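One-letter residues, chain by chain:
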Amino acid sequence: MRIGVFICHCGSNIAATVDCPAVAEQAKGLQDVVFTTDTMYTCSEPGQNEIIEAIKEHKLDGVVVASCSPRMHEATFRRALERAGLNRYMLEMANIREHVSWIGKNKERNTVKAFELVSIAVAKLRNNNPLYANKFDVTKRVLVIGGGVAGIQAALDCADAGYQVVMVEREQSIGGKMAKIDKTFPTVDCSSCILGPKMVDVSQHENITLYALSEVEKIEGYVGNFDVQVRKKATYVNWDECTGCGACMEKCPSKKNIDKFNEGISKCTSINIPFPQAIPKKAAINPEGCLMLQKGKCGVCAKVCPTKCIDFEQKDEIITEKVGAVIAATGYDMFDHSVYKQYGAGQYPDVITSLQYERLMNASGPTGGHIIRPSDGKEPKKVVFVQCVGSRDPSVGRPYCSGFCCMYTAKQAILTKDHIPDSDSYVFYMDIRSPGKGYDEFTRRAQEQYGVQYLRGRVSMIYPKGDRYVVRGSDTLAGTQVEVEADLVVLAVGAESAKNAPALAEKMRISYDNYGFFMEAHPKLKPVETNTAGVYLAGSCVGPRDIPTSVGQGSAAAAKVMTLFSKDKLESDPQVSSVNTSRCIGCMKCATTCPFGAIKEVTDRAGNVKAEVIETVCQGCGICTVTCPQGAIQLQHFTDNQILAEVNALCQAQLDF
Amino acid sequence: METIPLNSPDREFIREVQERSGQNVLACYQCGNCTAGCPYNFAYDLSVSRVMRLVQLGQREAVLKSHSIWLCATCQSCTTRCPNSIDVAKIMDVLRHMAREAGYATERNVKAFGDAFLESVEKHGRVYELGVTATYIRKTGRFWTDVDLAPAMLPKNKLSIKPHEIRGKEHVSEIFKRFRERDAVKENS
Amino acid sequence: MSISVGYYPGCSGSGTSVEYDKSTRAVCKKLGIELHEIDDWSCCGSTPAHTVNHTLSAALSARNLVLAAKQGQEEVVTPCPSCLANLRTASHKIEDEEYRPKVEALLDESCEEAASVASTLQLIIERVGIDAIKKAVVKPLKDLNVACYYGCIMNRPPELMKFDDPENPMAMDKIMEACGATVLPFPLKVECCGAAAGMPKKNIVTELSGRLLEVADSLNTEIIVTACPLCQMNLDLRQGQVNRANGKSYDIPVVYFTQLLGLALGLSAEEVGLSKLVVDPTPRLRFADVL
Amino acid sequence: MSGSTGLLTEGQDLRIVGFLCNWCSYGGADTAGVARFEQPTDLRVIRVPCSGRIDPLFIARALLSGADGVLVSGCHPRDCHYAEGNFYARRRFEMLKQFLSVTGIDPERFHYTWVSASEGQRWQDVVTSFTERIRKLGPATKMAGGTGYDEECLKEIAAAVSLGDQCPCHKEKA
Ligand SMILES: Cc1cc2nc3c(=O)[nH]c(=O)nc-3n(C[C@H](O)[C@H](O)[C@H](O)COP(=O)(O)OP(=O)(O)OC[C@H]3O[C@@H](n4cnc5c(N)ncnc54)[C@H](O)[C@@H]3O)c2cc1C
Ligand SMILES: Cc1cc2nc3c(=O)[nH]c(=O)nc-3n(C[C@H](O)[C@H](O)[C@H](O)COP(=O)(O)OP(=O)(O)OC[C@H]3O[C@@H](n4cnc5c(N)ncnc54)[C@H](O)[C@@H]3O)c2cc1C
Ligand code: SF4
Ligand code: SF4
Ligand code: SF4
Ligand code: SF4
Ligand code: SF4
Ligand code: SF4
Ligand code: SF4
Ligand code: SF4
């Protein structure tokens with residue numbers, strides 16, 4: 001092998017504390033090294049040309065650059081090698097800047113260290129092999145999981161770009177939380193007026209296939225080629241026939257079901273369409289409440305249905321879909337506030353959640369938009385809002401800020417005044433977090449124009465007194481305790497990850513944080529990407545996000561999918577594991593440890609079980625390599641031999657005495 | 001109102017409170033929940049969250065001379081509900097210890113009552129309620145404010161006239177003695 | 001079934017709360033619990049001790065736990081939450097290898113062998129159990145509307161007490177229900193009554209106990225049920241003072257849960273010390289056909 | 001001295017080998033460099049994609065070949081770029097620690113920790129304190145004859161440790 005070594009000065013960044021010429025000189029003595037030099041700025045155009053020329057002139061088949069971190073310029077130098085006709089993986093770098101010159105002032109020691117890092121790099125390079133990327137086809141269909149506003153936006157953008165979209169929504173209708181809320185901050189425009197048309201677009205778009213009341217059962221495969229299984233839950237109604245006329249709902253005698261869409265503040269029939277604008281607008285039977293399914297008698301809906309689409313025998317159905325990319329947009333759920341026993345939450349009828357309050361204010365809600373007390377139907381005159389319930393509270397395991405509750409509380413306080421002009425509103429807050437465009441002005445308006453009384457402090461307890469509720473909190477600005485007697489208390493309940501989000505994350509093979517929110521590939525620079533190629537994120541499944549951000553991310557995720565789909569073939573990263581079949585004994589231990597399901601079992605011609613790496617799925621972590629008892633599966637570019645060569649280069653010196 | 005000079009916060013004070021209470025006072029984010037739930041707040045001069053704040057700011061004097069730390073009844077409301085799981089009641093307790101040690105007694109009657117109670121325990125091994133009352137009156141010069149209770153209590157034999165002496169009362173009084181000796185040592189060093 | 005535990009009555013048991021002590025002993029006997037009073041027990045130091053010094057407080061309490069252990073009791077129960085809090089804290093501290101020597105230095109003896117401690121309420125609900133109580137009831141407290149008031153330290157802080165819910169405890173509610181009473185949802189179950197402030201700061205008691213009586217009254221409470229001598233004293237003995245200070249005229253009997261439980265189990269008014277109460281509960285109890 | 005280079009004239013660096021995952025800890029070390037957090041010069045870093053790629057064999061081999069210390073660092077638990085590589089790593093390292101003493105190596109010479117790409121300060125602390133620790137222990141005594149360890153025995157140990165994932169005691173923990 002013929003190796004060339006280039007020692008970079010980085011101006012004085014390296015040269016000030018490392019004797020670069022001496023390192024270059026010393027490197028000449030390393031095995032296989034035929035050329036060494038030191039240069040001012042290796043990454044500059046002349047620097048790169050020097051490498052290219054040296055490769056040609058000295059017939060180098062490998063290059064070591066000792067300079068800054070490979071995280072900085074590895075890609076740069078790999079391209080330079082390619083331009084000189086070498087394989088890009090015949091490059092090794094020694095990090096003599098971040099790891100040497102910048103962290104130590106002793107030039108002598110730095111120089112030794114720099115040299116040793118160079119010798120490690122040379123030792124590794126001597127074991128390198130050219131690696132070549134494979135090309136593979138992309139299925140240009142995308143799966144969108146979750147039909148909240150983020151998912152809807154992503155789906156519409158992809159569909160408009162001409163790609164097929166499969167949308168899977170867990171509930172009976174798409175729309176997510178936004179479909180439940182009344183008006184939206186900071187413009188206070190009607191939520192369903194802006195979301196409704198988008199929902200209709202989803203149902204009518206020729207490129208979108210929607211599975212509601214469905215969940216993703218399984219995802220296999222890899223970027224460009226995912227196989228997805230979707231469980232369509234039994235609705236007991238043939239949706240191809242159902243016209244959404246609602247005749248069944250009118251006649252169903254079982255009327256005591258908890259109305260999930262209305263957050264439990266009202267009841268609904270066992271056969272139900274959750275709300276008039278539901279998409280798809282189809283009826284479904286709640287088997288727990290249905291007299292026919294529970295006791296075998298009734299069948300009224302089947303009798304009245306004009307299209308005869310009731311089917312009590314219906315079963316869950318598994319559908320398989322092939323897609324090339326996945327967008328997760330599963331949103332959030334509300335914190336279970338009943339842990340706050342001191343608030344009587346879940347116990348006192350007039351202590352309700354913010355989302356329940358949205359349903360109360362909503363013109364299409366169960367009260368037709370009249371704000372009334374659940375206990376006695378009276379109009380409340382004093383409404384107290386309590387912020388940060390289940391947020392910013394480490395004692396209940398929720399130390400994070402839910403981000404949007406300050407804003408929606410201000411909105412709800414404003415709307416309360418609009419609905420009930422002679423009412424008074426009080427807001428207990430810790431801080432007001434309103435960093436969006438026009439947001440702070442909005443919370444100020446609540447105070448200045450609407451006279452909402454903001455009190456800075458947490459609430460310690462709420463208890464009933466007569467037919468009102470005493471809310472005892474503090475006003476730390478006044479420096480003392482305060483008490484308000486309220487007719488209605490609204491808890492600004494925090495956001496937590498969607499139910500079973502971790503299980504879904506595991507199906508998608510992406511990471512999630514301590515709270516079950518999905519993890520971005522990089523919190524700043526890759527906010528909609530994940531560590532698994534081909535899986536993207538949108539909206540509040542990453543953490544609490546308001547509507548503008550969720551929509552923005554829906555579009556961003558769609559753009560990433562389109563970028564992916566803009567190529568007909570994808571290139572795989574060749575730094576993946578590969579199995580030496582003659583060594584492999586087929587124990588499949590590697591497969592059980594691989595976090596990405598990248599190893600499958602195959603049988604060779606002699607009928608022996610062998611492991612095989614699906615190159616496109618393998619992410620190159622090397623966990624399998626360590627697991628294999630035979631050393632049969634080796635992560636390319638980080639093989640046992642390569643790493644041991646580095647270890648030896650580093651330690652052998654001492655044994656040489 | 002006075003300006004609090006922050007140039008030289010009493011870090012030793014902060015450290016001592018933290019060490020003796022085992023609580024991280026820096027974890028307090030001033031939500032006011034402790035104040036909100038404190039049943040004694042109406043009688044306080046400094047609400048309990050302000051006490052916490054002043055401790056954070058290293059304001060020894062302001063804290064140790066406050067009335068609040070004497071009035072706190074260790075009802076545990078603050079401790080139970082603090083979002084940051086700070087044992088606030090324990091901090092109040094520790095502040096009271098420090099105030100005693102430093103010679104503050106802002107609520108004389110509270111201190112006198114405590115002292116009278118402990119004297120009784122020291123003497124008899126158990127509390128002798130009438131004795132406590134008598135000592136308390138002697139210390140404060142206040143006639144028993146509860147004389148109006150006597151007609152209700154006496155006929156029911158609820159106040160025993162004689163102290164309950166225990167056999168091991170020496171043992172108990174020695175506990176006090178050793179405590180004072182140990183304390184004296186501490187003060188000298 | 002026979003349960004045998006050490007018993008720490010607490011100072012007030014021989015003074016202001018004799019009826020609590022009396023009814024506790026009677027009820028336990030009835031339920032098959034043997035209480036062995038710790039011989040020569042001393043005061044736990046109560047609130048004054050821990051407000052002076054934590055080690056002193058721990059030593060005063062620990063003396064009793066060590067005594068109990070010497071007398072062969074592994075477990076001690078006490079009716080009084082204030083004693084409980086002190087004994088529990090002490091027990092916690094002497095489990096701490098680093099803290100124990102400090103306590104031992106004051107006590108001048110080893111604390112390694114010390115009894116554990118619980119409340120009689122906890123003992124009854126956890127070891128006897130609601131079902132057994134239900135079976136043992138002979139005189140159900142029918143038509144009696146009661147509010148159970150636990151006081152502030154029976155369950156708090158939860159890390160120390162490890163018993164029931166710190167915000168909405170239910171142990172007494174369940175016992176009273178088992179006795180046949182109608183238990184009202186009393187929202188101030190764990191609010192402080194003013195505790196030991198009675199003597200030095202009467203206004204605190206009249207304010208805090210006043211709130212409790214007001215809310216109890218608004219629920220049409222016939223009898224307030226307590227488990228704490230201080231609460232009982234503030235609400236019962238001082239009810240007149242509270243009324244005068246607040247311009248009210250409440251007349252709500254305040255009894256110990258052991259007294260009502262005892263009656264339901266068939267004990268006599270005398271056996272549970274009803275006559276010691278200041279606000280007389282007998283008219284209501286007669287009306288409800290309990291007496 | 002350092003026979004191989006002849007560059008160093010005075011004093012001797014200890015031989016500390018670092019295995020760092022590419023995503024978090026290598027980045028953390030870079031961050032420390034960018035921030036110019038000064039560190040002892042004894043450590044040399046080998047970059048691997050994931051702490052899950054670090055075969056206990058590498059560590060054992062380094063220590064048996066005369067390294068004075070081995071420092072391993074990966075992403076914080078749950079923060080792994082490859083989802084769970086660091087969990088595997090942790091199990092293997094715990095096993096390794098138990099085995100090291102069997103080979104006559106002071107397990108104190110081996111340390112593993114978690115440092116994220118943003119934690120330059122933490123990296124500085126980790127390097128400094130680990131180097132301190134090794135300085136206290138002093139240079140490793142060289143194995144007799146340079147390769148005084150039984151390669152076979154080493155492999156067996158490494159295999160047992162790598163397979164920690166399948167070992168029953170780990171199933172329980174998982
Ligand atoms: C009371 C209240 C008022 C608010 N008011 C405003 C406001 O005025 N302005 C504003 O900007 N924001 C407001 N918000 C915030 C707003 O709700 C969110 O920003 C928005 O809903 C986020 O959209 P999303 O699509 O990310 O999530 P979601 O709306 O939660 O949608 C997620 C969807 O995914 C589905 N899903 C979940 N898990 C699965 C699964 N495993 N498989 C299939 N489907 C699944 C869910 O059923 C749901 O349909 C408010 C929030 C609350 C609680
Ligand atoms: C002190 C400070 C610290 C910060 N720290 C953080 C932090 O730690 N983390 C974080 O997330 N954010 C931080 N931010 C915010 C961060 O700076 C912005 O989020 C980010 O820079 C926005 O990027 P941008 O591309 O939108 O805008 P900019 O960075 O402003 O880039 C706009 C570019 O457009 C060019 N330009 C402007 N007008 C024209 C024109 N007419 N024609 C051609 N070119 C034009 C400008 O020259 C500029 O290059 C910080 C901001 C400040 C002020
Ligand atoms: S290659 Fe890296 S070290 Fe060299 S000049 Fe460029 S930035 Fe500096
Ligand atoms: S099931 Fe039948 S009756 Fe019900 S909405 Fe559909 S079509 Fe109408
Ligand atoms: S069969 Fe079930 S869903 Fe249909 S009307 Fe009867 S109860 Fe309602
Ligand atoms: S957004 Fe406001 S109310 Fe919501 S958690 Fe954050 S600070 Fe609290
Ligand atoms: S662990 Fe090794 S030997 Fe076993 S199946 Fe995988 S590659 Fe083959
Ligand atoms: S390197 Fe091995 S363990 Fe890692 S993803 Fe690839 S096949 Fe799976
Ligand atoms: S409740 Fe806790 S965090 Fe809040 S102000 Fe009090 S001590 Fe501080
Ligand atoms: S423990 Fe003291 S400070 Fe805390 S709430 Fe009770 S009385 Fe107030």
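Being a predicted model, the structure only gives us computed values, none of them experimental.

> Break down the overall build of chain A for me, citing the residues and quoting the values.
Across its full length, chain A carries 18 helices and 34 strands. Taken over the C-alpha atoms alone, chain A extends approximately 90 × 70 × 40 Å along its principal axes. Contacts spanning at least 24 positions in sequence make up 70% of the contacts within chain A whose residues lie at least 6 apart. Of note, chain A has its 74 positive side-chain charges centred 3 Å away from the centre of its 74 negative side-chain charges.

> How would you explain the domain arrangement of chain A if you had to name every residue and give the values?
Residue and element names in this part refer to chain A. By domain assignment, chain A separates into domain 1 (3-131), domain 2 (141-233 + 316-331 + 498-565), domain 3 (247-304), domain 4 (333-496) and domain 5 (577-636). At the junction of domain 2 with domain 4, the criterion picks out 1 salt bridge. For aspartate 333, the salt bridge identified is with lysine 499, shortest N-O distance 3.5 Å. Linking domain 2 with domain 4 are 7 residue pairs in polar contact (both at pLDDT 80 or more).

> So what's going on with the site of ligand 9? Which residues, and what values?
Residues and elements named next belong to chain B. Near ligand 9 there are 13 residues, and of these Cys28, Cys31, Gly32, Cys34 and Cys82 occur at the shortest range. Put simply, the parts of the chain that give the shell around ligand 9 at least two residues each are helix H2 (33-37) and helix H3 (48-56). Among the residues forming the shell around ligand 9, the class breakdown is 8 nonpolar, 5 polar and no charged.

> Please set out empty space enclosed by the protein residue by residue, giving values where relevant.
Gaps left between atoms are located by rolling a probe of water-molecule size over the structure's atoms. For the coordinates displayed, the defined rule picks out 16 cavities of 30 Å³ or more. Roughly 580 Å³ of volume is contained in the largest cavity. Forming the boundary of the largest cavity are 34 residues, of which Phe117 and Glu129 of chain B together with Thr16, Leu230 and Met233 of chain C lie nearest the centre. Counting residues per element, the ones that place at least two in the lining of the largest cavity are helix H8 (108-124) and helix H9 (129-140) of chain B together with helix H2 (46-52), helix H4 (81-95) and helix H11 (229-237) of chain C. Element by element, the count of residues in the lining of the largest cavity is highest for H11 of chain C, at 5 residues. For the lining of the largest cavity, the class distribution of residues is 22 nonpolar, 9 polar and 3 charged.

> Account for the interface of chain D and chain A, naming residues and giving values.
Contact with chain D, which involves 66 residues of that partner, is made by 60 residues of chain A. Across the chain D/chain A interface, buried area totals approximately 5,600 Å², and carbon plus sulfur atoms make up 58% of it. Where chain D touches chain A, the interface holds 6 salt bridges. With a closest N to O distance of 2.9 Å, lysine 105 of chain A and glutamate 38 of chain D form a salt bridge. Scanning the region where chain D abuts chain A turns up 19 residue pairs in polar contact (both at pLDDT 80 or more). The biggest single contributor to the side of chain D that touches chain A is helix H1 (residues 25-34) of chain D, with 7 residues. Of the residues that constitute the side of chain D that touches chain A, the class distribution is 29 nonpolar, 20 polar and 17 charged.

> If you had to explain the site of ligand 4 to someone new, which residues and values would you point to?
Neighbouring ligand 4 are 14 residues; Cys242, Cys245, Gly246, Cys248 and Cys305 of chain A lie closest to it. Here the shell around ligand 4 is built from residues that sort into 10 nonpolar, 4 polar and no charged.

> Requested: an account of the interface of chain C and chain A, with residues and values cited.
The partner chain A presents 10 residues to the 9 residues of chain C that form the contact. Taken together, both faces of the contact between chain C and chain A bury some 860 Å²; the carbon and sulfur share is 53%. When the buried area of chain C at its contact with chain A is split by residue, Glu167, Pro187 and Arg211 of chain C rank highest and sum to 42% of it. The interface formed by chain C and chain A contains 3 salt bridges. Among the ionic pairs, glutamate 191 of chain C bridges to arginine 472 of chain A, the shortest N-O distance being 3.0 Å. Our count for the contact surface shared by chain C and chain A stands at 3 residue pairs in polar contact (both at pLDDT 80 or more). Looking at the side of chain C that touches chain A residue by residue, the class counts come to 3 nonpolar, 1 polar and 5 charged.

> Help me get a handle on the domain arrangement of chain C, residues and values and all.
All names here are of chain C. As assigned here, chain C comprises domain 1 (3-120) and domain 2 (137-287). When each unit is reduced to the centre of its C-alpha atoms, the spacing between domain 1 and domain 2 is 24 Å. If you look at the interface, domain 1 gives 23 residues, while domain 2 gives 25 residues. Of all residues in domain 1, the largest losses of buried area upon contact with domain 2 belong to Glu19, Tyr20 and Pro81, amounting jointly to 28% of the total for that side. Counting every contact that joins domain 1 to domain 2 gives 1 salt bridge. Among the ionic pairs, glutamate 270 bridges to lysine 22, the shortest N-O distance being 3.0 Å. Inspection of the region where domain 1 meets domain 2 yields 5 residue pairs in polar contact (both at pLDDT 80 or more). Breaking the side of domain 1 that touches domain 2 down by element, the ones donating at least two residues are helix H1 (18-30) and H4. Tallying contributions element by element places H1 first for the side of domain 1 that touches domain 2, with 9 residues. Class assignment for the residues of the side of domain 1 that touches domain 2 results in 10 nonpolar, 9 polar and 4 charged.

> Give me the pairing of strand S21 (residues 382-389) of chain A: which residues, what numbers.
All names here are of chain A. Counting buried positions along S21 yields 7 of 8 residues, so the element is predominantly enclosed. Pairing between S21 and strand S22 (residues 424-429): 5 bridges, direction parallel. The residue bridging lysine 382 from the neighbouring strand is aspartate 424, located in S22. Once the chain exits S21 it traverses helix H12 (residues 405-419) before rejoining the sheet at S22, and the crossover so formed is right-handed.

> Residue-level account of the arrangement of the chains, with values.
With respect to C-alpha atoms, chain B approaches chain D no nearer than 21 Å, and the pair has no contact. As for chain D relative to chain C, no contact occurs, and the smallest C-alpha gap between them is 27 Å.

> Run through the nonpolar core, naming residues and quoting values.
Residues Tyr40 and Leu95 of chain B together with Ile175, Met176, Phe257 and Leu260 of chain C are the most contacted members of the largest nonpolar core, which totals 141 residues. Ranked by residues supplied to this core, first place goes to helix H3 (residues 54-70) of chain C with 9 residues. Excluding anything up to four places from it in sequence, leucine 260 of chain C contacts Leu141, Leu144, Val146, Met176, Ile223, Val225, Val255 and Leu285 of chain C.

> For the pattern of salt bridges, give the residues involved together with the corresponding values.
Side chains that differ in sign of charge can pair as their charged atoms come close. Residue and element names in this part refer to chain A. For the structure on display, the rule yields 74 salt bridges over all chains. For the salt bridge of arginine 231 with aspartate 316, the shortest nitrogen-to-oxygen distance reads 3.1 Å. Highlighted residues: arginine 231 in strand S12 (residues 225-232) and aspartate 316 in the loop between helix H10 (300-304) and strand S17 (317-323), separated in sequence by 85 residues. Note that glutamate 485 and arginine 468 form a salt bridge whose closest N and O atoms lie 3.9 Å from each other. Of this pair, glutamate 485 sits in strand S26 (residues 480-486) while arginine 468 sits in strand S25 (residues 468-475), and the two are 17 residues apart along the sequence. Assessed through its relative accessible area of 34%, glutamate 485 is described here as partly exposed.

> Give a description of the state of the cysteines that names residues and reports values.
Under the defined criterion, the tally for this structure stands at 2 disulfides over all chains. Residue cysteine 190 of chain A pairs covalently with cysteine 193 of chain A via a disulfide, S to S 2.4 Å. Looking along the S-S bond of the cysteine 190 of chain A-cysteine 193 of chain A disulfide, the torsion reads about 90 degrees, which is the right-handed sense. Overall, the relative accessible area of 48% leaves cysteine 193 of chain A in the partly exposed class. What pairs with cysteine 24 of chain D in a disulfide is cysteine 75 of chain D, and their sulfur atoms sit 2.2 Å apart. Measuring the twist about the S-S bond at about 95 degrees, one finds the cysteine 24 of chain D-cysteine 75 of chain D disulfide to be right-handed. Linking cysteine 24 of chain D in the loop between strand S1 (16-21) and H1 with cysteine 75 of chain D in the loop between strand S3 (69-74) and helix H3 (85-100), this pair joins segments that are 51 residues apart in sequence. The exposure classification of cysteine 24 of chain D matches that of cysteine 75 of chain D, with both residues buried. Cysteine cysteine 80 of chain C remains unbridged, with the sulfur of cysteine 83 of chain C as its closest cysteine sulfur at 3.6 Å. Residue class for cysteine 80 of chain C comes out buried when judged on its relative accessible area of 7%.

> Describe the confidence of the model for chain C, with residues and values.
Taken residue by residue, chain C gives an average pLDDT of 93. The fraction at 70 or more is 99%. Both scores are available for the predicted complex, with the pTM at 0.83 and the ipTM at 0.82.

> Tell me about the sheet that holds strand S1 (residues 3-8) of chain A, and name the residues and values.
All names here are of chain A. With parallel pairing, the 4 strands of this open sheet are ordered in space as S2-S1-S3-S4. Where the open sheet ends on each side, the last strands, each with one partner, are strand S2 (33-39) and strand S4 (91-95). Taken pair by pair, the neighbouring strands of this sheet meet at an average axis angle of 15 degrees, ignoring direction. The sheet contact formed by S1 and S2 spans 6 bridges and is parallel. Looking across to S2, one finds that isoleucine 3 is bridged to valine 33.

About the criteria used
- Residues numbered from 1 in each chain as written.
- Chains lettered and ligands numbered in written order.
- Predicted model: local features only at pLDDT ≥ 70, side-chain atom pairs only at ≥ 80, totals over all residues.
- Heavy atoms only, no water.
- Helix = DSSP H or I, 4+ residues; strand = E, 2+ residues; numbered from the N terminus.
- Contact = heavy atoms within 4.5 Å.
- Lys, Arg positive; Asp, Glu negative; His and termini not counted.
- Charge placed at Lys NZ, Arg CZ, Asp CG, Glu CD.
- Domains from an automatic or database assignment.
- Salt bridge = Lys/Arg side-chain N within 4 Å of Asp/Glu carboxyl O.
- Polar contact = N/O pair within 3.5 Å; in protein donor to acceptor, adjacent residues only side chain to side chain.
- Near = heavy atom within 4 Å.
- Nonpolar A, V, L, I, M, F, W, Y, C, P; charged D, E, K, R; others polar.
- 1 Å grid on protein atoms, 1.4 Å probe; cavity = no way out; pocket = protein on both sides within 12 Å on 5 of 7 lines; lining within 4 Å.
- Points joined across faces, edges and corners; volume = space filled by probe spheres on them.
- Buried area = accessible area lost by both parts, 1.4 Å probe.
- Buried < 20%, exposed > 50% of the residue type's maximum accessible area, 1.4 Å probe, protein only.
- Pairing = 2+ DSSP bridges.
- Right-handed = clockwise from strand over helix to strand, strands pointing away.
- Core = buried A, V, L, I, M, F, W, Y, C linked by side-chain atoms within 4.5 Å.
- Disulfide = S-S within 2.5 Å.
- pLDDT = per-residue confidence, 0-100.
- Axes fitted to C-alpha atoms, helices over the stretch in contact; angles between N-to-C directions.

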